[in-house]
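Listed here are the chains, written in short residue letters.
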Amino acid sequence: MNSAVKESFDDRRSTSTPAPPATAPAPPAPAALAAKVRTLAPTMTRSMQRVAETVAGDPAGCAALTVTGLAERTGTSEATVVRTSRLLGYPGYRDLRLALAALAAQQATGSAPAVTADIAVDDSLIDVVAKLAQEERQCLADTATALDVTQLEAAVAALASARRIDVYGIGASNLVAQDLAQKLLRIGLIAHAHSDPHLAVTNAVQMRARDVAIAITHSGRTTDVIEPLRVAFEHGATTIAITGRPDGEIAAYADHILTTSTARESELRPAAMSSRTSQLLVVDCLFIGVAQRTYETAAPALSASYEALAHRHNPRH
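Residues numbered from 1 in each chain as written. Predicted model: local features only at pLDDT ≥ 70, side-chain atom pairs only at ≥ 80, totals over all residues. Heavy atoms only, no water.

(A) Fine view of the overall build of the protein. When helices and strands are counted, the protein shows 14 helices and 5 strands. A sequence separation of at least 24 residues applies to 71% of the contacts in the protein between residues at least 6 apart. On the protein, roughly 16,100 Å² of surface is accessible, and the fraction owed to carbon and sulfur atoms is 57%. (Helix = DSSP H or I, 4+ residues; strand = E, 2+ residues; numbered from the N terminus. Contact = heavy atoms within 4.5 Å. Areas by Shrake-Rupley, 256 points an atom, 1.4 Å probe, with all protein chains shown as cover.)

Structure (structure tokens):
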């Protein structure tokens, strides 16, 4: 890295990673508790998972328990209950109990259960459809609840004025990257999705200010996605991460972070399926936001693309 780039990179790091605030962030709203459990559970220890899944599955029952009672119910220790509370964003167990009581009141009005049953190998297709539909609805609701609108607006503004947009994704996330790039192309923006990690880095080297790089990774630690985003970041591009782990490695090189949620992973429902649902919601939010902001040019571009493809949808016989 040359000295000019390094100096710019160091400046970006100092401004994009501010010192922690003097006061602790506010705990998550009761409605976001189940989403938080689903997002963080895969990274927890087994004992902490038991606590988290128990409180999300039975908020009313757990709200009535002392820290000792919840530890006994989950077969863990009081220290584990307190650590789990803090990991979920609450200063202590008392704050978690208050959130559980509020969540229980909300669910009593008729909302869907926080945690649904896993798909079993002997489930009928009717049950599979019902369970998947519920999981998809929950995943979308969790993502909408957790999405930071301020970050979303900043990302939309950057995309709307971008000279060039690169999108990085591997595996299932590449399908989402392709979807976003194609949407942006249809409204007249220069956007490309890269699945080859070598080609992604090669393109990232050419990025400059007014360019935008977007990385899509549910885990937040996919090396083949982090690397091109890092290179784009170091070369002055505005960088955006769409991830289920806002505290993952990808965050170090993201100017804006858009957090996604996911349903619980199971043997018959890998993480790639559930993460793609929430990623597509975020992509649609970005696209609509950009289309609104650039409507005077986006609308004619969209009409032109429809007209250019019309004969393929209605071929002459």
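(B) Representation of the environment of Thr277. As for its position among the elements, Thr277 is in helix α13 (residues 271–293). Take Thr277: its relative accessible area is 14%, and that puts it in the buried class. Sequence separation between Thr277 and Arg137 is 140 residues, and the spatial gap between their C-alpha atoms is 9.4 Å. Ignoring sequence-local partners within four residues, the contact set of Thr277 consists of Glu136 and Leu140. Among the polar contacts made by the side chain of Thr277, one reaches the side chain of Glu136 at a distance of 2.4 Å. (Buried < 20%, exposed > 50% of the residue type's maximum accessible area, 1.4 Å probe, protein only. Polar contact = N/O pair within 3.5 Å; in protein donor to acceptor, adjacent residues only side chain to side chain.)

(C) Up close: helix α5 (residues 67–74). Among the residues of α5, Gly69, Leu70, Ala71 and Thr74 are the ones counted as buried. Gly75, located one to two residues past α5, shows a positive phi value of around 70°.

(D) The arrangement of unusual backbone geometry in detail. Look at Arg210: it is not a glycine, yet its phi comes out positive at around 80°. By the secondary structure assignment, Arg210 is in the loop between α11 (197–205) and β3 (211–216).

(E) Fine view of the pattern of salt bridges. The final tally for this structure, using the stated rule, is 8 salt bridges. The shortest N-O distance in the salt bridge between Asp166 and Arg164 comes to 3.1 Å. In this structure, Arg230 engages Glu234 in a salt bridge whose closest nitrogen and oxygen atoms are separated by 2.7 Å. One end of the pair is Arg230 and the other is Glu234, both in helix α12 (residues 223–234) and 4 residues apart, which spans about a single turn. A single network of salt bridges, built from pairs that share partners, joins Asp179, Lys183 and Asp284. (Salt bridge = Lys/Arg side-chain N within 4 Å of Asp/Glu carboxyl O.)

Interpretation note: all reported values are geometric properties and have no functional meaning in isolation.
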